[in-house]
Amino acid sequence: MNPISTDPLDRSQFPIDEWALTEAEFHTSTQGRTETLFAVGNGYLGLRGNFEEGHKAHAEGTFINGFHDTWQIRHAEEAYGFARVGQTIVNAPDARVIRLYIDDEPFVIADADTIEYSRTLDFRTGVLERVVEWRTPSGKRVLIRSRRLVSFTDRHLAVIDYEVTMLDADASVLLSSQILNRQDRVDEFVPAAGGNAGGSGGIADPRKASGFADRVLLPRFKWVHEGRYVLGYRTANSGMAIAVGAEHHLETDNEWDESAQIDDDIAKQVYRIRAKAGQRIRLVKTMAYHTSSTAPTTELADRCNRTLDRIREAPIEDVFEAQKAWLAEFWERADVVVAGQPAVQQAVRWNIFQLAQSTARTDGGGIAAKGVSGSGYGGHYFWDTEIYVLPFLTYTSPQVARNALRFRHGMLDAARERAVELNQRGALFPWRTINGLESSAYYAAGTAQYHIDADISHALSQYVSATGDDDFLYNGGAIDILVETARMWADLGFWRGHGGKSESFHIHGVTGPDEYTTVVNDNLFTNVMARANLRAAVRQTTKLRSTDPEGFAKLVKRLALDEDEIVEWSAAAEAMHVLFDEDLGIHPQDSQFLEKELWDLENTPASKRPLLLHFHPLVIYRFQVIKQADVVLALLLQGDEFTAAEKRANFEYYDALTTGDSTLSASTQSIIAAEVGYRELALGYFLAALFVDLGDLHNNTADGIHVASTGGVWSALAFGFGGMRDYLGKFTFDPRLPEEWDSLVFHVTIRGALIEVDLRQDRMTFTIERGQAAEVYVRGERVEIVVGAPVTVALADDRPSIEGAPTTSDIEGTVRADGSVITASMPTITDLDFDEPDGLVGMD
């Protein structure tokens, strides 16, 4: 993603409000994007920002985290160990539908004559509110108000509060409230969104979800009683079960009657109201969703009824107040304040709010790449959860981080089986999955990303260091992850003498984070992360042996651990081969990367971006060109292993080669750009990450939120501009506040202490807001923070400031060690369009 310097939003459509996102004008051209931007969810249940009336949507969607069906992956040419089981999130039955008719005329927002329109997603209340004044074809004016939430306090609950008022004339009003199985194409008005129809030039976009060919939800249960409906289904192949219930409460002084209808795929509660001008009609609809991979639908139906019973016992406003209270506590520990920058402030809070909506009530489930806001990537979980999302959770919501790591621990048996399938010891976690099985059909850019083992180890180590939660590590069994991943690295790598020097440890045949360079030897990122993984396993098993011999004995028995293995891990870590090119002064991305010619990005037209949709992978693989930060990401995660000079040289070389085709990259590039001195560039990359969804910078926001990018936004603020690092449990700050900003205030929780960090151009103040004392370091100076005594540290303006940005022109003409000259070019025979199969490449 290329850096940007201006606010990309149309502020007549999306006015600035630091605590809300408002759509002041409705445009069908942005409907796909706004359905995503105005989605509501809690990490378990998500409702896209489709209108209740249900007509002419871009992509209707109700999603339950982890609720999926499976299908057989059919490879054109089979090979042993290829992924066999595809997994795709299911569009759950839609209980959000409330169709409105005035004098038998349907209200369709895309066609309506609207006098007033606005909808607002409030970050403090967690409520999506819409206000529309509609002039019907006969000239009658109708005021329509709706409020919608998915509860943070009750993970199975959603509520819609829907009001209709005739303003200047009486009318016949009909409300048809429905539960609709959209997955199996029963909408009377619009066919269900299908699969991956194709992207640019007819090429299937691998970032979209694959569609199902056959019926997915098999009816198992239906029940109706006094305005309450429950439908139950079981998925055709995965065997998962779901029940959805909806209850209705109508309030009005108008005369009305009702009718009920229920079938396998649709339930309708219909109200016919003889509306008088000025008399409000209010329909409160409470909805409950329950899913399971083991319980029958009848049990889930009982759970829905219990949820609805509990909510019925108290005023519905209690649900809205509980939502507000939950968010008040969330913002106390997670808010980031950028004073004097209202557009940035609004976008920062929107991104952080999306993190809450994508993670808060996962409750032991995974965190999908799109959260519960869309079907992009098929609802899969990737390595970016650990690298981009877990830092935010670890430092603001440690219980949620713990749950996410427990989810990975629950996959350990499947990871062991996958390792055996690939002829390895230990465990190999799947690169993309829902149920624990590898689901990437393209192994070169998927399964070959062995670094996911080290990414999970990194996130676990970061969490334990930040929280001090040794109980989870040792008694909760999470240490098993470190042991089994260390075993995998020790088995995957091998020893070899190098240039007459002592033996070194190598890892071959892997792919790093950069999916434009695959199946390589000694990928820099993989090697340094594997080294950290091995060291963590040594450190924690040694500590357990010393502090809890009985616990260590249980570990040895449980995992058949030989103490010689610990010695082997240590030796491999300390002898890990880390490439370095003395002539260029950089770390090669892999052993052959520098032998390739440069892709001339400066002269690649925008019409050929992203490269993955316009060039065959083999074409891309032949060039020095990068989809997402690889070496640069290593500079962040293992920054204490590189000198300042190495960081700058590496950043300048690899930043010039990075396409911006991945939303994962901008936040990392911002952090390292800030550290090495490219302050203006750092801000540009930060803004690109900040607005990637709000501004639809990759033209695919309609598929769902880029959750990893929202996490990266927080990291860019805390780790980039705030300069925070946490290597080996030492918490340090070396800030780089943008010159345009007066201040940056953020919060981190370190070992139970909630700390406010207030950064100004010339000083940095730490305040304990909750918990006990904490120790940090600011530019090498130890700072002890105690309760009731804020500490201020003066900051000298002595950090480097470099103008401009690295380009391929800076590299072109450089001489390699063998005397050859590096040149830049790009493929030019790209006029023919060929259809490519689904699922070629992964994360964007």
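Each remark here, short or long, concerns the structure printed above.
What you see is a predicted model; the values in this text were computed from it and never measured. (Residues numbered from 1 in each chain as written. Predicted model: local features only at pLDDT ≥ 70, side-chain atom pairs only at ≥ 80, totals over all residues. Heavy atoms only, no water.)

Draft legend 1. Highlighting the overall build of the protein chain. Along the backbone of the protein chain there are 20 helices and 32 strands. Its C-alpha radius of gyration of 27 Å places the protein chain within 12% of the 28 Å reference for a compact globule of 844 residues. Across the 844 residues of the protein chain, 63% fall into the buried class. Counting contacts in the protein chain only where the partners sit at least 6 residues apart, residues at least 24 apart contribute 69% of the total. Put simply, the protein chain shows about 29,900 Å² of open surface, and 47% of that area lies on carbon and sulfur atoms. (Helix = DSSP H or I, 4+ residues; strand = E, 2+ residues; numbered from the N terminus. Rg over C-alpha atoms; globule rule 2.2 N^0.38 Å. Buried < 20%, exposed > 50% of the residue type's maximum accessible area, 1.4 Å probe, protein only. Contact = heavy atoms within 4.5 Å. Areas by Shrake-Rupley, 256 points an atom, 1.4 Å probe, with all protein chains shown as cover.)

Draft legend 2. Representation of unusual backbone geometry within the structure. The peptide bond linking Arg609 to Pro610 adopts the cis configuration, its omega dihedral lying at -10 degrees. The phi dihedral of Glu226 falls on the positive side, at around 50 degrees, and the residue is not glycine. Locating Glu226 in the fold gives a position in the loop between β14 (217–225) and β15 (228–235). Under the relative-accessibility criterion, Glu226 is labelled exposed at 69%.

Draft legend 3. Focus on a negative patch on the surface. A contiguous patch of negative charge on the surface is contributed by Glu680, Glu739, Glu740, Asp797 and Glu803. Asp797 sits in the exposed class, given a relative accessible area of 69%. (Patch = residues over 30% accessible without salt bridge, like charges linked within 9 Å, V, L, I, M, F, W, Y side chains within 5 Å. Salt bridge = Lys/Arg side-chain N within 4 Å of Asp/Glu carboxyl O. Lys, Arg positive; Asp, Glu negative; His and termini not counted. Charge placed at Lys NZ, Arg CZ, Asp CG, Glu CD.)

Draft legend 4. Expanded view of the sheet that holds strand β4 (residues 62–64). Across the sheet, three strands lie side by side as β2-β3-β4; this open sheet has antiparallel pairing. In this open sheet, the two edge strands, each paired with only one partner strand, are β2 (40–41) and β4. Judged from the three bridges that link them, strand β3 (residues 45–47) and β4 form a sheet pairing that is antiparallel. Bridge pairing links Gly46 to Phe63 in β4. (Pairing = 2+ DSSP bridges.)

Draft legend 5. Layout of the sheet that holds strand β25 (residues 732–733). Strand order in this open sheet of four strands is β24-β25-β29-β30, and the pairing throughout is mixed. The open sheet has two edge strands, β24 (724–725) and β30 (781–785), and neither has a second partner. Of the strand pairs in this sheet, β24 and β25 are connected by two bridges, and their pairing is antiparallel. Residue Arg725 lies in a different strand from β25, and its bridge partner there is Thr732.

Draft legend 6. Expanded view of helix α17 (residues 665–676). If you check α17, its first and last C-alpha atoms are 17 Å apart, about what 12 residues at 1.5 Å a residue would give, namely 16 Å. Along α17, 11 of the 12 residues are buried, which leaves the element largely enclosed by surrounding structure. By the burial criterion, the buried members of α17 are Ser665, Ala666, Ser667, Thr668, Gln669, Ser670, Ile671, Ile672, Ala673, Ala674 and Val676. Buried residues along α17 sit in contact with α5 (384–396), α15 (631–637), α16 (644–655), α18 (679–690), α19 (707–721) and β24. Looking one or two places after α17, you find Gly677, whose phi comes out positive at around 120 degrees. (Expected span 1.5 Å × (residues − 1).)

Draft legend 7. Layout of the nonpolar core. Counting 227 residues, the largest nonpolar core has Leu175, Trp569, Tyr653, Phe686, Trp741, Leu744 and Ile755 as its most contacted members. Considering every element that reaches this core, the biggest residue donor is helix α11 (residues 524–547), with 10 residues. Setting aside chain neighbours within four positions, we find Trp741 in contact with Val338, Gln341, Val344, Leu683, Phe686, Leu717, Phe721 and Gln761. Counting residues in hydrophobic clusters, the runner-up holds 10 residues, among them Trp599, Leu611, Leu612 and Ile620. (Core = buried A, V, L, I, M, F, W, Y, C linked by side-chain atoms within 4.5 Å.)

Draft legend 8. Examining the pairing of strand β13 (residues 171–180) more closely. Summarising burial for β13: nine of the 10 residues are buried, a large majority. Where strand β7 (residues 98–102) meets β13, five bridges bridge the pair, whose relative direction is antiparallel. Across the sheet, residue Leu100 finds its bridge partner in β13, namely Leu175.

Draft legend 9. Layout of the packing of aromatic side chains. Within this structure, the stated rule accounts for 31 aromatic pairs. Where Trp256 meets Tyr271, the ring centres are 5.6 Å apart and the plane angle is 65 degrees; that geometry is what we call edge-to-face. With Trp256 in strand β17 (residues 255–262) and Tyr271 in strand β18 (residues 266–275), this pair connects stretches of sequence that are 15 residues apart. Looking at Tyr271, the relative accessible area reads 3%, which means it is buried. (Phe/Tyr/Trp six-rings, centres within 6.5 Å; stacked < 30°, edge-to-face > 60°.)

Draft legend 10. Representation of the pattern of salt bridges in the model. Enumeration over the complete set of coordinates arrives at 71 salt bridges. Between Arg416 and Asp413 there is a salt bridge, and its shortest N-O distance comes to 2.6 Å. Remark: Asp413 and Arg416 occur in helix α7 (residues 412–421); sequence separation between them is three residues, near one turn of the helix. Between Arg782 and Glu775 there is a salt bridge, with its nearest N and O atoms 2.6 Å apart. Counted as one network, the salt bridges with shared partners bring together Arg147, Asp161, Glu163, Glu251, Arg280, Arg282 and Glu317.

Draft legend 11. Quick peek at α5. Under the 1.5 Å per step criterion, the end-to-end length of α5 is 18 Å for 13 residues, consistent within 8% with the ideal 18 Å. Considering bend angle alone, the principal kink of α5 is centred on Leu390 and spans about 50 degrees; proline Pro391 follows within four residues of it. Across the 13 residues that make up α5, a large majority, 13, are buried. (Bend = angle between axes of the 7 residues up to and from the residue.)

Draft legend 12. The environment of Pro342, seen in detail. Positionally, Pro342 belongs in helix α4 (residues 342–359). Judged by relative accessible area, which is 35%, Pro342 ranks as partly exposed. Sequence separation between Pro342 and Val619 is 277 residues; the distance between their C-alpha atoms is 44 Å. If we ignore the near neighbours within four places in the chain, the residues touching Pro342 are Ile16 and Glu18.

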